[in-house]
Amino acid sequence: MKFTNELDGRDRELFIKRLPTTKSHLMQGYRARGPQYDSLPKTLNNVRIPEPLSKTIDGQNFNCGKTNLDCHLFTSSTLCELLSKGDTLYIDGTFGTAPSPFTQILTTRTRVDGVPVTTSFSFLPNKKMATYILALTHLKETAEKEGFLLKLSNTFNLIFSTK
C-alpha cells in the first residue's frame, strides 16, 4: 500500500475523497444514539429539559428555568457563589455549537483565586441586545435568590447595579 505522500494525481484525489469527514462521523453518532434519545426540538416551544439534566451530581438545581424570551439559564448555587467571589465577569458567545433551535450559547466565567471558573451557560434564541440583557439579568436575579450579591465592574452597571 502506498502512503499519501507517495500518491500522485488521481490516486491522491480518490484517497482523500474516501477519508471520513467530520460530518460523516457526526451522522454516524446520531444514527447510533438515535433510538435511545429524543430528537432535537424543532421550535423553542418544544424545548424540554429532562430531569436528570436539571440537577448537579450533588443534587443542586442546575437548570434555572427560562425567561419570557426563551433564554434557558444553567447554573447552580455553588456556581453563583463562585461568581459572587469574582470581581470580573468574562462573557463568551458561541454560535457554532448551539443546539437547534437556539442561536447561541452564552457562557459566563469569573476568576477566583487566580483560576478561571465557568459559572453559567445560557441558551439564547437570537443575537439581540435585549436578549443579552435579559439573560444576564436572569443570572443576576438567580444569584441574588441563592443569597449572593454580584460585585462586578461598572461596565455592567446597567444590568448589575445594586439598589
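For the structure, check the block above.
Asks: Which parts of the structure should I look at to understand the nonpolar core?
Replies: The tendency in soluble globular proteins is for nonpolar side chains to be buried as a group. Within the largest apolar cluster, eight residues are counted, these being L73, C80, L83, L89, L139, A143, F148 and L150. Elements that contribute at least two residues to this core include exactly α3 (77-85) and α4 (129-145). Contact partners of L73, with chain neighbours within four places excluded, come to F62, N63, C64, G65, S120, F121, S122, H138, L139 and T142.

Asks: Looking at this model, I keep getting lost on unusual backbone geometry. Mind explaining?
Replies: Across the chain, the bulk of peptide bonds are trans and the bulk of non-glycine residues have phi less than zero. Of the consecutive residues S100 and P101, the connecting peptide bond is found in the cis state with omega at 5°. Examined against the element boundaries, P101 turns out to sit in the loop between β3 (90-94) and β4 (104-112). The residue D113 is not glycine, and still its phi comes out positive at about 50°. When you line up the elements, D113 lands in the loop between β4 and β5 (115-124).

Asks: How do you make sense of the pattern of salt bridges when you look at a structure like this?
Replies: Note on pairing: side chains with opposite charge can pair once their charged atoms come close. Overall, the coordinates contain two salt bridges when judged by the stated rule. Residues E81 and K85 are paired through a salt bridge, measuring 3.7 Å at the closest nitrogen-oxygen approach. Of this pair, E81 and K85 both sit in helix α3, four residues apart, which is roughly one turn of the helix. Owing to a relative accessible area of 31%, E81 belongs among the partly exposed residues under this scheme. The exposure class assigned to K85 is partly exposed, which follows from its relative accessible area of 49%. Between E144 and K140 there is a salt bridge; the shortest N-O distance is 3.1 Å. Of this pair, E144 and K140 both sit in helix α4, separated by four residues, roughly a single helical turn.

What counts, and at which threshold
- Residues numbered from 1 in each chain as written.
- Predicted model: local features only at pLDDT ≥ 70, side-chain atom pairs only at ≥ 80, totals over all residues.
- Heavy atoms only, no water.
- Core = buried A, V, L, I, M, F, W, Y, C linked by side-chain atoms within 4.5 Å.
- Buried < 20%, exposed > 50% of the residue type's maximum accessible area, 1.4 Å probe, protein only.
- Helix = DSSP H or I, 4+ residues; strand = E, 2+ residues; numbered from the N terminus.
- Contact = heavy atoms within 4.5 Å.
- Salt bridge = Lys/Arg side-chain N within 4 Å of Asp/Glu carboxyl O.

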